[in-house]
Amino acid sequence: MEQRLINKIVHAMEIEVGDIVLLNFWGSEEEIEDLYAFASAVAEVGAYPQMLHHSLKYYAQMFSSLSCEFSEKWFKQFKEVDVVIDIMNRAPGQVPEGLEDISIYRSYIRELFKCFSEKKKLIQITMPTKENAKNADMNFDLFYERTVKALDIDYKELKGKCQERIENFNGQIRTIHTGNDCVLTLDTTGREWIVDAGDGALPCGEIYIAPIEENTNGTVFFELFSVDGLGVFNDITIEVENGRIIKTNCDEFNSFIRTLPDGADIIAELGIGMNPNVEKILGDSHLDENAIGTFHIALGMNYLFGGKNKCPVHIDLVGEGVVK
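Residues numbered from 1 in each chain as written. Predicted model: local features only at pLDDT ≥ 70, side-chain atom pairs only at ≥ 80, totals over all residues. Heavy atoms only, no water.

Caption draft 1: Representation of unusual backbone geometry in the model. For the bond from Leu202 to Pro203, the omega torsion is 0°, close enough to zero to count as cis. Topologically, Pro203 is positioned in the loop between strand 8 (201-202) and strand 9 (206-209). In this structure, Asn180 takes a positive phi of about 60° despite not being glycine. Even without being glycine, Asn242 reaches a positive phi, approximately 50°. Owing to a relative accessible area of 48%, Asn242 belongs among the partly exposed residues under this scheme. (Helix = DSSP H or I, 4+ residues; strand = E, 2+ residues; numbered from the N terminus. Buried < 20%, exposed > 50% of the residue type's maximum accessible area, 1.4 Å probe, protein only.)

Caption draft 2: View of the sheet that holds strand 1 (residues 20-26). Taken together, the five strands give an open sheet; going across it, the order is 2-1-3-4-8, and neighbouring strands pair in parallel fashion. One side of each edge strand has no neighbouring strand; the edge strands of this open sheet are strand 2 (48-53) and strand 8. Two strands pair when backbone bridges link them, and strand 3 (residues 83-88) and strand 4 (residues 121-126) are joined in this way by six bridges, in the parallel orientation. Residue Ile87 lies in a different strand from strand 4, and its bridge partner there is Ile125. (Pairing = 2+ DSSP bridges.)

Caption draft 3: Broad picture of the packing of helix 1 (residues 3-12) against helix 2 (residues 32-44). With their axes 9 Å apart at the nearest point, helix 1 and helix 2 run at an angle of 50° to one another. In terms of axis orientation, helix 1 runs oblique to helix 2. Note on packing geometry: the crossing formed by helix 1 with helix 2 is right-handed. Here Gln3, Ile6, Asn7, Val10 and His11 of helix 1 come into contact with helix 2, specifically with Ala37, Phe38, Ser40, Ala41, Val42 and Glu44. Here the residues of the contact of helix 1 with helix 2 sort into six nonpolar, four polar and one charged. (Axes fitted to C-alpha atoms, helices over the stretch in contact; angles between N-to-C directions. Parallel < 35°, antiparallel > 145°, perpendicular 65-115°, else oblique. Left-handed = near helix turned anticlockwise from the far one by under 90°. Contact = heavy atoms within 4.5 Å. Nonpolar A, V, L, I, M, F, W, Y, C, P; charged D, E, K, R; others polar.)

Caption draft 4: Expanded view of the nonpolar core. Core analysis: the biggest nonpolar cluster contains 69 residues, and Ile85, Phe253 and Leu317 have the highest contact counts within it. Broken down by element, this core gets its largest block of residues, seven residues, from helix 2. When near neighbours in sequence (up to four residues on either side) are disregarded, Phe253 contacts Phe225, Val227, Phe233, Ile236, Ile238, Thr248, Leu299 and Leu317. The next biggest cluster of nonpolar side chains, apart from the first, holds 19 residues, and it includes Trp26, Phe63, Val84 and Tyr105. (Core = buried A, V, L, I, M, F, W, Y, C linked by side-chain atoms within 4.5 Å.)

In structure tokens, the structure reads:
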């Protein structure tokens, strides 16, 4: 990406002057200029960049030789870090090719994420790369154009519109009205709306909340949504009772739900897309959930944003409808 756009993105993160910012680079040696561009942008806002390159080539060699796990002492080097930015040219935590024993590597990644999740800010940016396009099962040129467009927005204006949308709600009960005369009712009493306008996941542009886990009821219709590793689903109606999915009209999706860990059938999130540069659903959830005029519900984990479900999975389902 252009340095101009990277600078714009980093400014939107609202990093404070003097912050120590760890740049977690999940990419190859050939893509290292992206890391340097972010380091330059962080320095421009008056913060101090620290870099950690998660090279699959390096990890394959190192973890093949290691005979013990990383000690607590090694992780203490990140004690003074204020902000962590995951620059994701590929999916974080990917296992290096050819690594036979992955137990030490898995432990290392797990402890890294635990360490970083405790920082003042943890920001993740999905970069417009061929690897990410492949993971989204999307043509690279389309993925690149769509991602860059979604990133190149007026972040201050977006934040204002998100706050305005929240303030226009009356009461704590939300309803989602979708096709086939479906209505889903969610209780958000005591839960706080969160604005994602540059300091969470990028591309961004949504407001979201964790509804009361036991108090979602009704039906919701999706014309199209995708599930990573499973595929795209069309024309699905989901029935929810006391916060849990009890059935759908799709046998394949029903079977998929039964394979998930306990708590993965709970409605964990209500989100509303607010990004004006994402205009339609194409089956790529990381951008679809930000599309203007869309909503999404998520299944599974929500304890990190105000809920109480500690299920290890979080699955976003994006649709078109009216949230009241």
